[in-house]
Amino acid sequence: MQIHETAFIVSTYRSYHQELSKDIYARLWNNPNTDLLIPSILESISKDEAILHSLRNRFFYEQMYAFFSKNNGGTLINFGAGFSMYPFLLNNTVDTIEIDKKDIIAYKKEKTMHWIREGKLPQRDIQYTAIDFNNSSEQDIHTTIQPMIHKTPTFILLEGVLFFLGPDTTHKLWNIFKEIQSKGDLVGSVSYIPEIENTDVYKRLLHYFDTHNDTDDPFYHQTLPHSFYENLDRYQLKKHIDEFDLSKIYAPDAEIRDRTQILNEHMYILQKS
Ligand SMILES: C[S@@+](CC[C@H](N)C(=O)[O-])C[C@H]1O[C@@H](n2cnc3c(N)ncnc32)[C@H](O)[C@@H]1O
């Protein structure tokens, strides 16, 4: 399993629960290789993974929709964008900067431009930039992204990425966010809390990655306590919810009964002060 394969997997999850995720374009990324991988993941780790990822997408979609509607547009800056399709789901007053590793960005740019030409996706103002957060300096990332921002306010999204990053890269990214954002701008972030490390379901996840990691990708298993978000310099924590509570709002029939039996990610919305 390579880290970029995780982008195909979560996108396919969203396509399985389109009514929940609201991602009507996720299915465009579906492919036989990912379809083959998913049953064994759901079976060996947790059957609820597809619903939980769809809930995560739904939460950020609603947050961004509300933010950009209130501000009549702006720029979404998606760090580790993978195959998420927010630019096409949000209004055309929103510009997007998609950032990810080289292979993902090249493939996503080619495919989305092709689908726009075919009329399968609506026209949007999207810039794509390939950056490896581990290998690029704070200064380089800052000077690459800053000139790409043509519309304010900004909403930075860091969804499904922190798990793969170490503390130095995480610290670097939040410094960059602070530099490129202005007062009132938002960041949406996702992470696991350290308590999950004691659960069987999380141990099964790590075991799965350990036994399927066929690359030299540096791969952390980062978890972050709430205090990380409460103590961020120049950011105020505005909202926090976990997937378990999201399931009660959006998927009450899914019968997810126990926080400790699922890979329960936590979502945070922070505002620049
Ligand atoms: C699980 S996917 C999530 C994708 C997307 N945000 C979503 O929620 O659908 C993780 C993404 O993080 C990207 N990523 C991981 N480590 C990265 C790094 N060091 N630099 C840039 N992107 C990275 C991967 O390439 C992948 O697209």
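Residues numbered from 1 in each chain as written. Predicted model: local features only at pLDDT ≥ 70, side-chain atom pairs only at ≥ 80, totals over all residues.

Q: I'm lost on the environment of Asn175 in this one. Help?
A: With respect to the secondary-structure elements, Asn175 resides in helix α8 (residues 167-180). Separated by 57 residues in sequence, Asn175 and Leu232 place their C-alpha atoms 9.7 Å apart. (Helix = DSSP H or I, 4+ residues; strand = E, 2+ residues; numbered from the N terminus.)

Q: Help me understand the environment of Thr12, please; the structure alone is not making it clear to me.
A: Take Thr12: it is sitting in helix α1 (residues 3-16). Owing to 21 C-beta atoms within 10 Å, Thr12 belongs among the buried residues under this scheme. When the C-alpha atoms of Thr12 and Ile131 are compared, they prove to be 24 Å apart, with 119 residues separating the residues in sequence. In contact with Thr12, other than residues within four places in its own chain, are Asn30, Thr34, Asp35 and Ile38. (Buried ≥ 20, exposed ≤ 12 C-beta atoms within 10 Å, placed from the backbone. Contact = placed C-beta atoms within 7 Å.)

Q: Can you walk me through the sheet that holds strand β6 (residues 235-242) in this structure?
A: The strand order across the open sheet built from seven strands is β3-β2-β1-β4-β5-β7-β6, with neighbouring strands paired in mixed fashion. The open sheet has two free edges, formed respectively by β3 (126-130) and β6, since each of these has just one partner strand. Between one strand axis and the next, the sheet turns through 15 degrees on average, direction left out of account. Here six bridges tie strand β1 (residues 74-79) to strand β2 (residues 94-100), and the two strands are oriented parallel to one another. Paired with Leu76 across the bridge in β2 is Thr96. (Pairing = 2+ DSSP bridges. Axes fitted to C-alpha atoms, helices over the stretch in contact; angles between N-to-C directions.)

Q: Honestly, helix α4 (residues 49-70) in this entry has me stumped. Any pointers?
A: Helical geometry: 3.6 residues make up each α-helical turn, so side chains three or four residues apart lie on a common side. Along its 22 residues, α4 runs 32 Å from first to last C-alpha, staying within 8% of the 32 Å computed at 1.5 Å per residue. Two residues or fewer after α4 comes Asn72, characterised by a positive phi angle close to 55 degrees. (Expected span 1.5 Å × (residues − 1).)

Q: What should I look at first to understand the site of the ligand in this one?
A: Taken together, 20 residues form the shell around the ligand, and within it Thr6, Ala7, Gly80, Gly82 and Gly160 come nearest. The leading source of residues in the shell around the ligand is α1, at six residues. Per-class residue counts for the shell around the ligand are eight nonpolar, eight polar and four charged. (Near = placed C-beta within 6 Å. Nonpolar A, V, L, I, M, F, W, Y, C, P; charged D, E, K, R; others polar.)

That's the geometry; what it means functionally is another story.
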